[in-house]
Amino acid sequence: MESLSSIGLVGAFIGGLVSFFSPCTLPLLPAYLSVVTGGSAGKADRRLEALTLSAFFVFGFSIVFILLGLGASSIGQLMRGYRQEFNWVAGSAVIVLGLFMTGVFRLPLFQRTLQFTPSVQGGSPLSATVFGVSFAIGWTPCIGPILGAILMATSNAASAQSGMVYLSAYSAGLALPFLASTLLINRFALHRKSLGRWSAYARPVAGTVVILMGIAIVSGSMTRLSSIMVDLFPSLATLG
């Protein structure tokens, strides 16, 4: 892949990490793990079972995110004849999402939390996958704007397949700390308050990055930014 894909991979992965450590996800982590694993998380004799069920949860939300990435990049390919106009629209939408995340203004529609709670009993691979899908198709004021911004950026991908790769990187950024937390849930409980204080800063910082991303899309400088980053950090060129 070209250098732009490398930068996109790094950005999408960081977006996944920020989504995990956001105030909409981190404080609810024990509840997620309890439901998904059927109460096996945190029990020494059931660690493998909990990790397996968490992996199915990750599989569920990853499938949804990857399909969204495919759809976004496919739409971008259809609009490539109007690339400049499309960049203006997509970049402007990303800037608005970034301003919302930094708290510059409020958007009541985006402030709502929309989540689907499936009426299934947790503790099985099928239910864990269903919970993962429902997690992905919901909306929270923290994760939704980040995912939306990444999808807008993904629409500028060189191919439809690139969109799937970008959202795979986003899913990995969200999945890795979730899986790690499954094994370290007892330690998490000890440091929950301090982690909660740090997570409060995740959203405005991510919002600033999203605004810069939107400006880069509108100005058409995303590709030039990628070239500069690869010149500064040559190892990025090997990621794509």
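Read on for an overview of the structure. (Residues numbered from 1 in each chain as written. Predicted model: local features only at pLDDT ≥ 70, side-chain atom pairs only at ≥ 80, totals over all residues. Heavy atoms only, no water.)

### Concerning the packing of helix 2 (residues 29–37) against helix 3 (residues 47–78)
Part 1 of the reasoning: For the pair helix 2 and helix 3, interaxial distance at closest approach is 9 Å and the crossing angle is 100°. Between helix 2 and helix 3, the angle falls in the class roughly perpendicular. Together, Leu 33, Val 36 and Thr 37 of helix 2 and Glu 49, Ala 50, Leu 53, Ser 54 and Phe 57 of helix 3 make up the contact between the two elements.
Part 2 of the reasoning: Taken together, the residues that form the contact of helix 2 with helix 3 break down as five nonpolar, two polar and one charged. (Axes fitted to C-alpha atoms, helices over the stretch in contact; angles between N-to-C directions. Helix = DSSP H or I, 4+ residues; strand = E, 2+ residues; numbered from the N terminus. Parallel < 35°, antiparallel > 145°, perpendicular 65-115°, else oblique. Contact = heavy atoms within 4.5 Å. Nonpolar A, V, L, I, M, F, W, Y, C, P; charged D, E, K, R; others polar.)

### Digging into the packing of aromatic side chains
Part 1 of the reasoning: This model, assessed by the stated rule, comprises nine aromatic pairs.
Part 2 of the reasoning: The interplanar angle of 85° and the centroid separation of 4.9 Å between the aromatic rings of Phe 20 and Phe 21 together place this pair among those described as edge-to-face.
Part 3 of the reasoning: Taking the relative accessible area as the measure of exposure, Phe 20 reaches 2% and is therefore buried.
Part 4 of the reasoning: Here the aromatic rings of Tyr 32 and Phe 135 are separated by 5.5 Å at their centres, their planes lie at 90°, and the arrangement is edge-to-face. Here Phe 135 lies in helix 6 (residues 125–137) and Tyr 32 lies in helix 2, a separation of 103 residues in the sequence.
Part 5 of the reasoning: Given the relative accessible area of 17%, Tyr 32 is considered buried.
Part 6 of the reasoning: Residue Phe 135 is classed as buried on the basis of its relative accessible area, which comes to 14%.
Part 7 of the reasoning: Chaining the aromatic ring pairs together yields one cluster made of Tyr 32, Phe 57, Phe 61, Phe 65, Phe 135, Tyr 170 and Phe 178. (Phe/Tyr/Trp six-rings, centres within 6.5 Å; stacked < 30°, edge-to-face > 60°. Buried < 20%, exposed > 50% of the residue type's maximum accessible area, 1.4 Å probe, protein only.)

### Notes on the layout of surface pockets
In this approach a probe as big as a water molecule rolls over the atoms, and the regions it shows empty are the leftover space.
Part 1 of the reasoning: If you add up the space inside the second largest pocket, you get close to 260 Å³.
Part 2 of the reasoning: For the second largest pocket, the lining is made up of 13 residues, of which Tyr 32, Phe 116, Thr 117, Phe 131 and Ser 134 are closest to its centre.
Part 3 of the reasoning: Every element with two or more residues in the lining of the second largest pocket is listed here: helix 2 and helix 6.
Part 4 of the reasoning: With four residues, helix 2 is the largest single contributor of residues to the lining of the second largest pocket. (1 Å grid on protein atoms, 1.4 Å probe; cavity = no way out; pocket = protein on both sides within 12 Å on 5 of 7 lines; lining within 4 Å. Points joined across faces, edges and corners; volume = space filled by probe spheres on them.)

### Structural notes on helix 6
Part 1 of the reasoning: Taking 1.5 Å per residue, 13 residues should reach 18 Å; helix 6 reaches 19 Å between its end C-alpha atoms and fits that length.
Part 2 of the reasoning: Within helix 6 the residues assigned to the buried category are Ser 127, Ala 128, Thr 129, Phe 131, Gly 132, Ser 134, Phe 135 and Ala 136. (Expected span 1.5 Å × (residues − 1).)

### Brief notes about empty space enclosed by the protein
Part 1 of the reasoning: All chains considered together, the criterion is met by one cavity of 30 Å³ or more.
Part 2 of the reasoning: Space inside the largest cavity adds up to approximately 60 Å³.
Part 3 of the reasoning: Elements with a contribution of two residues or more to the lining of the largest cavity: helix 2, helix 3 and helix 8 (160–183).
Part 4 of the reasoning: In terms of residue class, the lining of the largest cavity is made up of eight nonpolar, one polar and no charged.

### Focus: the environment of Met 164
Part 1 of the reasoning: With respect to the helices and strands, Met 164 occurs in helix 8.
Part 2 of the reasoning: For the pair Met 164 and Gly 71, spaced 93 residues apart in sequence, the C-alpha to C-alpha distance is 8.7 Å.
Part 3 of the reasoning: Leave out the neighbours within four places in its chain, and Met 164 touches Ile 66, Gly 69 and Leu 70.

### Let's talk about the packing of helix 4 (residues 83–102) against helix 7 (residues 143–154)
Part 1 of the reasoning: Axis separation between helix 4 and helix 7 bottoms out at 9 Å; the angle between their running directions is 160°. The angle between helix 4 and helix 7 falls in the class roughly antiparallel. Viewed along their axes, helix 4 and helix 7 form a crossing whose handedness is left-handed. On helix 7, the residues touching Ala 90, Ala 93, Val 94, Leu 97, Phe 100 and Met 101 of helix 4 are Pro 145, Ile 146, Gly 148, Ala 149 and Met 152.
Part 2 of the reasoning: Here the residues of the contact of helix 4 with helix 7 sort into 10 nonpolar, one polar and no charged. (Left-handed = near helix turned anticlockwise from the far one by under 90°.)

All quantities given are derived from atomic positions and should not be read as evidence of function.
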